[in-house]
Amino acid sequence: MHYPSTADWPADLHAIRGVMSMTHLLVSGEGAVLIDTGLPGDRWRIERKMKSLGLGPRNLKAVLLTHGHIDHCGGT
């Protein structure tokens, strides 16, 4: 699977690549929104990215699931 370059994305939108999934973290001063949860087992990738940004579980304000395929919502 090919993912587009993130070079032109806003600095507050972070891509989190899984082996066969892709999630995104949208960060603002109010907290963060997780867009999709990836596959079951991708949680550690999401937690690692959040930690690298100085964020923890309490900073997550919402989870947006784009659709019901397992590579998008399986980690829910």
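Attention here is on the structure that accompanies the text. This structure is a prediction, so every number in the text was calculated from the model and none was measured.

Side note on the pairing of strand E1 (residues 13–17)
And step 1. Burial of E1 is one-sided: the residues His 14 and Ile 16 facing one way are buried, the residues Leu 13, Ala 15 and Arg 17 facing the other way are not.
And step 2. Bridge count between E1 and strand E2 (residues 22–28): 5 bridges; the pairing is antiparallel. Bridging across to E2, Arg 17 finds its partner in Met 22.
And step 3. Taking the residues that link successive antiparallel strands as the turn, the E1-E2 hairpin has 4 residues.

Looking at the environment of Cys 73
And step 1. Mapped onto the secondary structure, Cys 73 falls in helix H2 (residues 70–73).
And step 2. In sequence terms Cys 73 and Leu 39 are 34 residues apart; their C-alpha atoms lie 6.7 Å from each other.
And step 3. Beyond its immediate sequence surroundings of up to four residues, Cys 73 is in contact with Thr 37, Gly 38, Leu 65, His 67 and Gly 68.

Concerning the pattern of salt bridges
And step 1. Using the criterion set out here, one finds 2 salt bridges in the structure.
And step 2. For Arg 45, the salt bridge is made with Asp 42, and the minimal N-O distance between the two is 3.1 Å.
And step 3. With a relative accessible area of 16%, Arg 45 lands in the buried category.
And step 4. Classification of Asp 42 by relative accessible area gives buried; the value is 7%.
And step 5. One salt bridge connects Arg 43 with Glu 47, and the closest N-O pair in it is separated by 2.6 Å. Of this pair, Arg 43 and Glu 47 both sit in helix H1 (residues 43–52), 4 residues apart, which is roughly one turn of the helix.

Conventions and cut-offs
- Residues numbered from 1 in each chain as written.
- Predicted model: local features only at pLDDT ≥ 70, side-chain atom pairs only at ≥ 80, totals over all residues.
- Heavy atoms only, no water.
- Buried < 20%, exposed > 50% of the residue type's maximum accessible area, 1.4 Å probe, protein only.
- Helix = DSSP H or I, 4+ residues; strand = E, 2+ residues; numbered from the N terminus.
- Pairing = 2+ DSSP bridges.
- Contact = heavy atoms within 4.5 Å.
- Salt bridge = Lys/Arg side-chain N within 4 Å of Asp/Glu carboxyl O.

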